[in-house]
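Below are the chains, spelled out letter by letter.
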Amino acid sequence: MTINVLFIVLIGLASGLAVGSGFVAFLAVLGVIPRLTQLTKTMKLISWYEWAVVLGALLGTAGSLRDPVMSFSPYVTIPLGLAGGIFVGMLAAALTEVLNVLPILAKRVRVDDKLETLLMAIVLGKIFGSLFHWIYFVGR
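This one's a predicted model, so the numbers in the text were calculated from it and none came from an experiment.

To continue, consider the packing of helix α2 (residues 32-40) against helix α3 (residues 46-66). The N-to-C vectors of α2 and α3 enclose an angle of 130°; their axes lie 10 Å apart at closest approach. Relative to α3, the element α2 lies oblique. In this structure, α2 crosses over α3, and the sense of that crossing is right-handed. Residues Ile33, Pro34, Leu36, Thr37 and Thr40 of α2 pack against Ile46, Tyr49, Glu50 and Val53 of α3. The residue makeup of the contact of α2 with α3, split by class, is 6 nonpolar, 2 polar and 1 charged.

So this is what it looks like as structure tokens:
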């Protein structure tokens with residue numbers, strides 16, 4: 001019994017270390033956070049961005065392990081959700097900027113002159129998909 005528990009703990013720690021190392025390598029190699037600070041012109045706050053990512057990963061891990069139930073009023077939940085969405089959106093935008101995904105996609109699909117339309121389609125698709133998910137699936 002004790003050996004099984006220790007084995008599971010070891011596998012859990014090893015898996016967490018592997019995933020965490022991959023996440024850090026992903027952010028470090030691509031330079032997502034420095035690019036995000038360049039885009040927002042907040043280079044002096046780069047340590048705040050880094051700590052936000054670290055604390056978000058730790059709190060997300062703790063939350064997924066414990067499955068907490070929090071009862072906030074909508075006046076607190078809405079700003080928290082907006083702040084989280086803005087941060088994730090900016091992080092995704094910085095990643096897209098680093099990888100130059102959209103220009104490559106536009107050339108492959110042969111819509112070089114419609115890059116703004118392509119970007120708006122992606123943004124609106126994300127918004128409507130998220131709204132559909134929250135309206136239809138959450139709370140059931």
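Read on for the rest.
Right, let's get into the packing of aromatic side chains. Summed over the entire model, instances satisfying the criterion amount to 1 aromatic pair. Here Phe132 and Tyr136 contribute two aromatic rings whose centre-to-centre distance is 5.4 Å and whose plane-to-plane angle is 5°, an arrangement assigned as stacked. With Phe132 and Tyr136 both in helix α6 (residues 115-137) and 4 residues apart, this pair spans about one turn of that helix. You can call Tyr136 partly exposed: its relative accessible area is 38%.

Within the secondary structure layout, Leu39 lies in helix α2. Note on Leu39: relative accessible area 37%, which makes it partly exposed.

Formed by Leu27, Val32, Ile33, Leu36, Tyr49, Val53 and Leu91, the largest nonpolar core amounts to 7 residues. Looking at this core, the elements with two or more residues in it are α2 and α3. By residue number, the principal contributor to this core is α2, which donates 3 residues. In contact with Leu27, other than residues within four places in its own chain, are Val32, Ile33 and Val53.

Mapped onto the present numbering, the UniProt feature "transmembrane region" (unreviewed entry) falls on residues 6-33, 45-65, 85-106 and 118-137. For the annotated span residues 45-65, helix accounts for 95% and strand for 0% of the residues, and the straight-line distance between the end C-alpha atoms is 30 Å. A helix fraction of 100% and a strand fraction of 0% characterise residues 118-137, whose end C-alpha atoms lie 28 Å from each other.

Criteria and thresholds
Residues numbered from 1 in each chain as written. Predicted model: local features only at pLDDT ≥ 70, side-chain atom pairs only at ≥ 80, totals over all residues. Heavy atoms only, no water. Axes fitted to C-alpha atoms, helices over the stretch in contact; angles between N-to-C directions. Helix = DSSP H or I, 4+ residues; strand = E, 2+ residues; numbered from the N terminus. Parallel < 35°, antiparallel > 145°, perpendicular 65-115°, else oblique. Left-handed = near helix turned anticlockwise from the far one by under 90°. Contact = heavy atoms within 4.5 Å. Nonpolar A, V, L, I, M, F, W, Y, C, P; charged D, E, K, R; others polar. Phe/Tyr/Trp six-rings, centres within 6.5 Å; stacked < 30°, edge-to-face > 60°. Buried < 20%, exposed > 50% of the residue type's maximum accessible area, 1.4 Å probe, protein only. Core = buried A, V, L, I, M, F, W, Y, C linked by side-chain atoms within 4.5 Å. UniProt positions renumbered as here; feature names shortened; annotations may be inferred.

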